[in-house]
Amino acid sequence: MNTTIEYFNEKAEKCFADAFTITEHTNQDTFLSYLKPGSHILDFGCGSGRDTAYFISKGYTVTPADGAENMCRLASEYLHMPVKCMEFNELNETETYDGIFASASIMHIEYEKLRELFPKMIRALKHGGILYVSFKYGEGEGYLGKRFYTYMNEERLHALLKEYPELETVQEWIFGNEHPGQPDFRWISAILTRK
């Protein structure tokens, strides 16, 4: 059983506070650069709601969603709006969003479940829609404490994306740790578009 949601429910206050130690918006701005003003974004695994607030401040319509009930409550209080409490596999919409922002979120499910999730994200995007994903850089998968991680490097990510010809990679990059004071590690990010 994947205990990641349990972890985020137990540590919701700490995770909420930690999220606001990150003040860099490069990844968000890169994602937004591919969207038209006012586009509808799904913040998929929104956590604290920090990114949702940023997108709203830039004039976008945002649906925040997260699987941890306590994170949803804190994010809803912070944003003064409802946060959809749903697990990733519950995504069941068709051509609804101009963009899906899955930042450091879908990396918490198993690789095989990722393979099931990508078709759902593709279906939820409008044609020409933009999908942002980010993962901790590396190989394999497993637990770090109670949190599960699927790691990605270029080869692994390309092999996964090859299964979905309806997605085209428009940008990919690697960046360093954004959390001051934490051990150094790298992330891999990609911006994809639904053909």
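Cut-offs applied
- Residues numbered from 1 in each chain as written.
- Predicted model: local features only at pLDDT ≥ 70, side-chain atom pairs only at ≥ 80, totals over all residues.
- Heavy atoms only, no water.
- Buried < 20%, exposed > 50% of the residue type's maximum accessible area, 1.4 Å probe, protein only.
- Helix = DSSP H or I, 4+ residues; strand = E, 2+ residues; numbered from the N terminus.
- Pairing = 2+ DSSP bridges.
- Right-handed = clockwise from strand over helix to strand, strands pointing away.

Peer 1: Just checking my understanding: could you explain the pairing of strand 5 (residues 125-136) for this structure?
Peer 2: In summary, the side chains of a regular strand alternate between the two faces of the sheet. For strand 5, a buried count of nine out of twelve residues is recorded, marking the element as mostly surrounded by other parts of the structure. Here five bridges tie strand 4 (residues 97-102) to strand 5, and the two strands are oriented parallel to one another. Among the inter-strand pairings, glycine 99 is bridged to a residue of strand 5, identified as isoleucine 130. One crossover worth recording links strand 4 to the parallel strand 5 by way of helix 6 (residues 111-124), and it is right-handed. Across seven bridges, the pairing between strand 5 and strand 9 (residues 186-194) is antiparallel. Paired with lysine 136 across the strands is tryptophan 187, a residue of strand 9.

Peer 1: I would appreciate a short explanation of unusual backbone geometry in the present structure.
Peer 2: Residues other than glycine predominantly adopt negative phi, and peptide bonds predominantly adopt the trans conformation. For histidine 80, which is not glycine, the phi torsion reads 60° and is therefore positive. Tracing the backbone shows histidine 80 in the loop between helix 5 (69-79) and strand 3 (84-85). On the accessibility criterion, histidine 80 (72% relative accessible area) is exposed. Positive phi values are uncommon outside glycine, yet alanine 104 reaches one of about 50°. Take alanine 104: it is sitting in the loop between strand 4 and helix 6.

Peer 1: Is there a simple way to explain the environment of glycine 59 in this structure?
Peer 2: Tracing the chain through its elements places glycine 59 in the loop between helix 4 (50-57) and strand 2 (61-66). Here glycine 59 falls in the partly exposed class, since its relative accessible area comes to 47%. Along the chain, glycine 59 and phenylalanine 175 lie 116 residues apart, while their C-alpha atoms are 27 Å from each other.

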